[in-house]
Amino acid sequence: MTVDDRAPSSARIYNYLLGGTDNHPVDRQAAEAFKTRLPTIEAAARANRGFVLRAARAMAEAGVRQFLDIGCGLPIEPSVHGVVREVHPDARVVRVDNDPEIAPARQALADAPTVFGDLRDPAAILNDPVVTGLVDFGEPVGVITVAVWHFVPEDEAVEYAATLRAGLASGSHLAISHVCADTVPEPAQGAGKAVYARTANPVRARTEAEIRAFFDGFTLLDPGLVPLGDWRPYDGDPYPEHATESLAGVGRK
């Protein structure tokens, strides 16, 4: 699969906002244009990264030893698989993404293999041979879908989440962060839609009630569904930024 570096990529834009180097001029230009309309977007990206790492660690500390990182994006340190293996050195992690940019990372991350998958076809993810070869769905799984559901604009997104949930054992955990229409001003929402309309991943903000619906069948862990930086912050966090653009939470089935 060929990567088109003439168009911006949501994965590469995120990589750039986090200070990564796996991006092209077109991505940097798109990100900088976005920053002129929403100056807090870089802090929001960093706050999102902080949440995913804290959420992954919390799942591991709750006893989860196998993980699906769906919408994993381009590799960047600290990594999800690195964090959970600080708790469980034998933790199994499968990375999932529908962006062709992740292809070169497959060999580099042999200890956390990457498969192509799309949340709009959750059954294919659950039945992928690489996934089923590493993940025992009879045991709890930590499913990470951070900053990804807002790239699934269809009204059926909650149904996709329900299919995913149905394949998980009791004790499984689900982490979600999502752009919130209640906290992002309309002009900023328009700017975001314009930027991501140029990528393969158009974006859709949802209300707090709509985001909460993704957790149907799960019990939200403390502190509930909150702004990114408010989810279990700690001293020394490499990503201490606070941002109100997205809400985040972790649920237990």
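A. Region of the structure containing the nonpolar core. Core analysis: the biggest nonpolar cluster contains 39 residues, and Phe51 and Phe67 have the highest contact counts within it. Those elements giving two or more residues to this core turn out to be helix H1 (10–17), helix H2 (25–37), helix H3 (41–61), helix H4 (80–87), strand S4 (142–146) and strand S8 (246–252). Beyond its immediate stretch of four places on either side in the chain, Phe67 contacts Ala56, Met59, Ala60, Val84, Ala91, Arg92, Val93, Val94, Val141 and Gly142. Among the nonpolar cores identified, the runner-up in size contains 30 residues, and Ala161, Cys180, Ile211 and Phe214 belong to it.

B. Broad picture of the side chain of Asp237. Examined against the element boundaries, Asp237 turns out to sit in the loop between strand S7 (226–227) and S8. Judged by its relative accessible area of 10%, Asp237 is buried. Only 2.8 Å separates the side chain of Asp237 from the backbone nitrogen of Tyr239, close enough to count as a polar contact. The residues contacting Asp237, other than those within four sequence positions of it, are Gly50 and Arg54.

C. Just the packing of aromatic side chains, in detail. Tallying each qualifying case throughout the model produces two aromatic pairs. With a centroid separation of 5.6 Å and 85° between ring planes, the pair formed by Phe51 and Trp231 is classed as edge-to-face. With Phe51 in helix H3 and Trp231 in the loop between S7 and S8, this pair connects stretches of sequence that are 180 residues apart. The exposure classification of Phe51 matches that of Trp231, with both residues buried.

D. Spatial organisation of the pattern of salt bridges. The final tally for this structure, using the stated rule, is twelve salt bridges. Here Arg12 and Asp27 are joined by a salt bridge, their closest N and O atoms 2.5 Å apart. Of this pair, Arg12 sits in helix H1 while Asp27 sits in helix H2, and the two are 15 residues apart along the sequence. In this structure, Glu42 and Lys35 form a salt bridge, with 3.0 Å as the shortest nitrogen-oxygen distance.

E. Highlighting empty space enclosed by the protein. Per the stated rule, a full pass over the model turns up three cavities of 30 Å³ or more. Of the pockets and cavities examined, the second largest cavity occupies roughly 90 Å³. Considering the residues around the second largest cavity, the lining is formed by twelve residues, among which Arg49, Ser79, Val80, His81 and Arg95 are closest to the centre. Going through the elements one at a time, H4 and strand S2 (92–97) are the ones with two or more residues in the lining of the second largest cavity. Of the residues assigned to the lining of the second largest cavity, the class counts are six nonpolar, two polar and four charged.

F. Spatial organisation of the side chain of His81. As for its position among the elements, His81 is in helix H4. In terms of polar contacts, His81 uses its side chain to reach the side chain of Ser79, at 3.5 Å.

G. Here's a closer look at the pairing of S4. Within S4, five of the five residues are buried, which leaves the element mostly enclosed by the surrounding structure. Note that strand S1 (residues 66–70) and S4 share three bridges and pair parallel. Across the sheet, residue Asp69 finds its bridge partner in S4, namely Ile144. Where S4 lies against strand S5 (residues 173–179), five bridges are found, and the strand directions are parallel. Note on S5: the bridge partner recorded for Ile144 is Ala175. As for the winding sense of the linkage, the β-α-β connection from S4 through helix H8 (residues 157–166) to S5 is right-handed.

H. Structural view of unusual backbone geometry. Here Glu77 and Pro78 are connected by a cis peptide whose omega angle stands at -5°. Here Asp222 and Pro223 are connected by a cis peptide whose omega angle stands at 10°. Here Pro223 shows up in the loop between strand S6 (219–220) and S7. Positive phi outside glycine occurs at Ala147, with the angle close to 55°. On the secondary structure map, Ala147 appears in the loop between S4 and H8. Even without being a glycine, Arg232 presents a positive backbone phi close to 50°. With respect to the secondary-structure elements, Arg232 resides in the loop between S7 and S8.

Calculation notes
- Residues numbered from 1 in each chain as written.
- Predicted model: local features only at pLDDT ≥ 70, side-chain atom pairs only at ≥ 80, totals over all residues.
- Heavy atoms only, no water.
- Core = buried A, V, L, I, M, F, W, Y, C linked by side-chain atoms within 4.5 Å.
- Buried < 20%, exposed > 50% of the residue type's maximum accessible area, 1.4 Å probe, protein only.
- Helix = DSSP H or I, 4+ residues; strand = E, 2+ residues; numbered from the N terminus.
- Contact = heavy atoms within 4.5 Å.
- Polar contact = N/O pair within 3.5 Å; in protein donor to acceptor, adjacent residues only side chain to side chain.
- Phe/Tyr/Trp six-rings, centres within 6.5 Å; stacked < 30°, edge-to-face > 60°.
- Salt bridge = Lys/Arg side-chain N within 4 Å of Asp/Glu carboxyl O.
- 1 Å grid on protein atoms, 1.4 Å probe; cavity = no way out; pocket = protein on both sides within 12 Å on 5 of 7 lines; lining within 4 Å.
- Points joined across faces, edges and corners; volume = space filled by probe spheres on them.
- Nonpolar A, V, L, I, M, F, W, Y, C, P; charged D, E, K, R; others polar.
- Pairing = 2+ DSSP bridges.
- Right-handed = clockwise from strand over helix to strand, strands pointing away.

The values reported here are purely geometric and, on their own, carry no functional implication.
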